[in-house]
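Architecture and fold: a report
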Amino acid sequence: MFDNVLNEVEEQCRAERIPMLGPQKAKLLAGCVEKAKPSLIVECGTAIGYSGLWILRELKKIGAGRLITVEIEEDNAQRARANFEKAGVSDLVDSRIGDASEVLKTIEEPVDFLFLDNNKDGYFACYKAIESRLTNPATIVADNVGRADQMADYLDHVRSNYESETHWFESWRRRRDGGNNPGPPRRDGMEVTIYKH
Ligand SMILES: C[S@@+](CC[C@H](N)C(=O)[O-])C[C@H]1O[C@@H](n2cnc3c(N)ncnc32)[C@H](O)[C@@H]1O
């Protein structure tokens, strides 16, 4: 059942061109969750819940842990909530609506896992907004670091202060005209950082 919902959400994202992590990167994210066994994960950028479902499936397997996920677009957040409900995991997730860099300031509990997948130029603000609640250690995963120019402040900070590794993936450019020829390959990365203080 869970996997059927995940497949449906993936298909909806593809059909409606809603940005999502995709299965290759999602496997890396799920592996990080499995390794960290976090008590509280914070995700910035829910969209309609694709990456959230991957995270929640991992938390279910572990048998512990919760997710707070933040989305600025109300329609997306409502669809994500319906998808979490359908997959039977809504008890493990708290979906919040708003600008992640503001919503994160209101989280008071310790956070041992942060996933950044919102507006790219907002990563550093989100990190700063939650930094004082990050545990020692904490895992931070950031998507789309191939667009380094849009998040130079964030990448400079984590790469110069913490153990931080870039994982590269090859994806295919979508054609703007909707044709089937995918065009030239494009590299994109995910940055996995082990934060310590
Ligand atoms: C790349 S998509 C997220 C994909 C999602 N993590 C997944 O893999 O299914 C980025 C999402 O971030 C949301 N977003 C953009 N700016 C935001 C902000 N300041 N705070 C919260 N969400 C934001 C967008 O509306 C969009 O749904």
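Everything numeric here is computed off the predicted structure, so don't read it as measured data. (Residues numbered from 1 in each chain as written. Predicted model: local features only at pLDDT ≥ 70, side-chain atom pairs only at ≥ 80, totals over all residues. Heavy atoms only, no water.)

Residues in close proximity to the ligand total 20 residues, the closest being L21, G45, S51, E71 and D117. At 3.1 Å, a side-chain N or O of D99 approaches a nitrogen atom of the ligand. Protein burial of the ligand: of its 600 Å² of free accessible surface, 87% is covered by the chains. Classifying every residue of the shell around the ligand gives 8 nonpolar, 7 polar and 5 charged. (Near = heavy atom within 4 Å. Polar contact = N/O pair within 3.5 Å; in protein donor to acceptor, adjacent residues only side chain to side chain. Areas by Shrake-Rupley, 256 points an atom, 1.4 Å probe, with all protein chains shown as cover. Nonpolar A, V, L, I, M, F, W, Y, C, P; charged D, E, K, R; others polar.)

Its 15 residues place the ends of helix 1 (residues 2-16) 21 Å apart at the C-alpha level, agreeing with the 21 Å of an ideal helix rising 1.5 Å per residue. Looking at the buried positions of helix 1, the neighbouring elements they touch are helix 2 (23-36), helix 3 (50-62) and helix 4 (74-86). The positive-phi residue at the C-terminal boundary of helix 1 is R17, with phi of around 55°. (Helix = DSSP H or I, 4+ residues; strand = E, 2+ residues; numbered from the N terminus. Expected span 1.5 Å × (residues − 1). Contact = heavy atoms within 4.5 Å.)

Moving on: the confidence of the model for the chain. Averaged over all residues, the pLDDT of the chain is 94; the fraction at 70 or higher stands at 93%. Confidence, expressed as mean pLDDT per element, reaches its minimum in the chain at strand 6 (residues 163-172) with 89 and its maximum at strand 1 (residues 40-44) with 99. (pLDDT = per-residue confidence, 0-100.)

Looking now at the pairing of strand 5 (residues 134-142). Note on strand geometry: in a regular strand, side chains alternate between the two faces of the sheet. In the sheet, strand 4 (residues 111-116) pairs with strand 5 via 5 bridges, with the strands oriented parallel. Paired with L114 across the strands is I140, a residue of strand 5. A crossover links strand 4 with its parallel partner strand 5, the connecting element being helix 6 (residues 123-130), and its sense is right-handed. (Pairing = 2+ DSSP bridges. Right-handed = clockwise from strand over helix to strand, strands pointing away.)

We now examine the pairing of strand 4. With 6 of its 6 residues buried, strand 4 lies for the most part within the structure. As paired elements, strand 1 and strand 4 share 4 bridges and run parallel to each other. Its bridge partner lying in strand 4, I41 is registered against F113. (Buried < 20%, exposed > 50% of the residue type's maximum accessible area, 1.4 Å probe, protein only.)

Residue pairs spaced three or four apart in an α-helix point in one direction, given the helix's 3.6 residues per turn. Looking at helix 6, one finds that the buried residues are Y123, C126, Y127, A129 and I130. In an axial view of helix 6, the angular spread of the buried residues amounts to 160°, which keeps them on one side of the axis. (Arc of directions from axis to C-beta.)

What follows is about the packing of aromatic side chains. In this description, an aromatic ring pair is defined by two values, namely the gap between the centres and the angle between the planes. According to the stated counting rule, one finds 6 aromatic pairs in the structure shown. Ring geometry for Y123 against Y154: centres 6.0 Å apart, planes inclined by 90°, an arrangement best described as edge-to-face. Placement of Y123 in helix 6 and of Y154 in helix 7 (residues 152-161) is noted, with a sequence separation of 31 residues between them. An identical accessibility class is assigned to Y123 and Y154; each is buried. Residues Y127 and Y195 carry aromatic rings whose centres are separated by 6.3 Å and whose planes lie at 70° to one another, so their mutual orientation is edge-to-face. (Phe/Tyr/Trp six-rings, centres within 6.5 Å; stacked < 30°, edge-to-face > 60°.)

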